[in-house]
Amino acid sequence: MKIGITYDLRIEYLALGYSEEETAEFDRPDTIQAIENTLKELGFKTERIGHVRSLAKQLVKGKKWDLVFNIAEGIKGFGREAQVPSLLDAYDIPYTFSDPLVLAVTLHKGMTKSIIRDLNLPTPDFAVVNTEDDIKKVNLPYPLFAKPVAEGTGKGIDSSSKINNRSELITVCGILLERYKQPVLIETFLPGREFTVGIIGTGGDAVAIGALEIVLKEIAQKDVYSYVNKEQCEELVEYRLVEDSMAEKAKEIALLAWRGLGCRDAGRVDLRVDSSGIPNFMEVNPLAGIHPEHSDLPIMCSLVGISYRELIQRIVESALKRINIHVPSLLPASRLHKVSRKRKYTESVPATQMVLQF
Ligand SMILES: Nc1ncnc2c1ncn2[C@@H]1O[C@H](COP(=O)(O)OP(=O)(O)OP(=O)(O)O)[C@@H](O)[C@H]1O
Ligand SMILES: [Mg+2]
């Protein structure tokens, strides 16, 4: 079985003149290498495809793969994460992770929250500010939180994202609208503990494998898991695998959100606790980073005894199940993968299927 790999390599975009921030969500060469090596260890043939334009060229030439392992984030527009899966659907080639609808909707945090609210899951009240004129229509109690509606890796997020009054709201919205050329999501500030929950599987087969608590150190930017705190996480952030009742509640909500949004194969849900002690959904990452040592999901897997190889194997198995291929010959998963706490945050964020029933 031949598996193609689609991805956006950060160094390629930097060489083309894109900025550090514009490429923050893209992958490092060692992530692609790790995926490729692991797929080979599992007995698959692999072929690197690259980004969406490279995929388009190869599809037009008649190239085919039995499956595509897709971690391409895309560069332009709200549909950027949906571009590779859309092309693959057009050529009837199966792929890992979510479909175009889910990837487009979950990239837009406001659209996603409307669905989460419809699913009766806890998420802060919110407003989407499209223009400066919309700011005066925001009628939510302070403190609030402001972020670009469709970015990841903490882009546009720092200590000023916590908003205490109308004058700060006007200033911060103005800056974000101008800088990111997209709407701003305003929501009630969540003051409590923060968790990221790792999920493997699809629909009824999905499981929440663990909850990592994000603990900001004294010297970190206050209150928020910001761009800077993510970039310098080795010094500024402590990650704890937690299993208390609040973490269990976070896992339960995350799994319901994952299934309700129709996310597939593996990813992460980010939550934070509100003033009444309830974990609230902030966002879902259906294309979570999978660098073996630096990304949250593989780190969490290691901490709960799931090796990198088992993670990749379970992602492929989950994708192949959609096309009714079961691969009993996949090698038994090794649980010997070494864990390194040294990490660099290179994730993207990321939209949805209307109320799906599983
Ligand atoms: N409503 C909120 N209340 C308090 N803090 C918030 C709120 N929304 C976001 N944050 C803080 O900002 C951080 C980044 O927010 P969010 O997860 O939406 O952004 P992101 O850049 O897409 O993240 P990722 O790197 O996971 O893709 C959160 O981890 C949290 O610390
Ligand atoms: Mg997040």
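Bear in mind that the values here come from a model prediction, so they are computed numbers and not experimental data.

Remarks on the domain arrangement of the chain
Alright, step 1. Along its sequence, the chain is carved into domain 1 (2–98) and domain 2 (125–188).
Alright, step 2. Here the C-alpha centroids of domain 1 and domain 2 sit 32 Å apart.
Alright, step 3. Of the residues lining the interface, six residues belong to domain 1; the matching set on domain 2 comes to 11 residues.
Alright, step 4. It is Glu 21, Glu 25 and Phe 78 in domain 1 that bury the most area against domain 2; as a group they hold 75% of the surface buried on that side.

Structural notes on the sheet that holds strand 1 (residues 2–6)
Alright, step 1. Ordered by their spatial adjacency, three strands build an open sheet running 2-1-3, and the pairing between neighbours is parallel. Both edges of this open sheet fall to strand 2 (45–50) and strand 3 (67–70), since each of them pairs with a single strand only. Averaged over all neighbouring strand pairs, the angle between strand axes comes to 25°, with direction disregarded.
Alright, step 2. Here five bridges tie strand 1 to strand 2, and the two strands are oriented parallel to one another. Note that in strand 2 the partner of Gly 4 across the bridge is Glu 47.
Alright, step 3. Sheet contacts for helix 2 (residues 29–41): strand 1, strand 2 and strand 3; angle to strand 2, the most-contacted strand, approximately 155°.

Cut-off values and rules
- Every chain begins its residue count from 1, and numbering advances along the sequence as written.
- The lettering of chains begins at A and the numbering of ligands begins at 1, in the order of writing.
- Selection of residues for local features in this predicted model requires a pLDDT of at least 70, selection of side-chain atom pairs for listing and counting requires 80 or more, and totals for whole chains, interfaces and linings are taken over all residues.
- In computing side-chain properties, one takes all heavy atoms of the structure into account and sets aside hydrogens as well as water.
- Those domain boundaries reflect an automatic or database domain assignment.
- It only takes one pair of heavy atoms within 4.5 Å for two residues to be counted as in contact.
- Simply put, the buried area is the total loss of 1.4 Å probe accessible area from both parts when two parts are fitted together.
- Here, a strand pair is defined by DSSP locating no fewer than two bridges between the strands.
- Working definition: helices are DSSP H or I runs of at least four residues, strands are E runs of at least two. Numbering for both runs from the N terminus.
- Fitted lines through C-alpha atoms give the axes, limited to the stretch in contact for helices. The angle between two N-to-C directions lies from 0 to 180 degrees.

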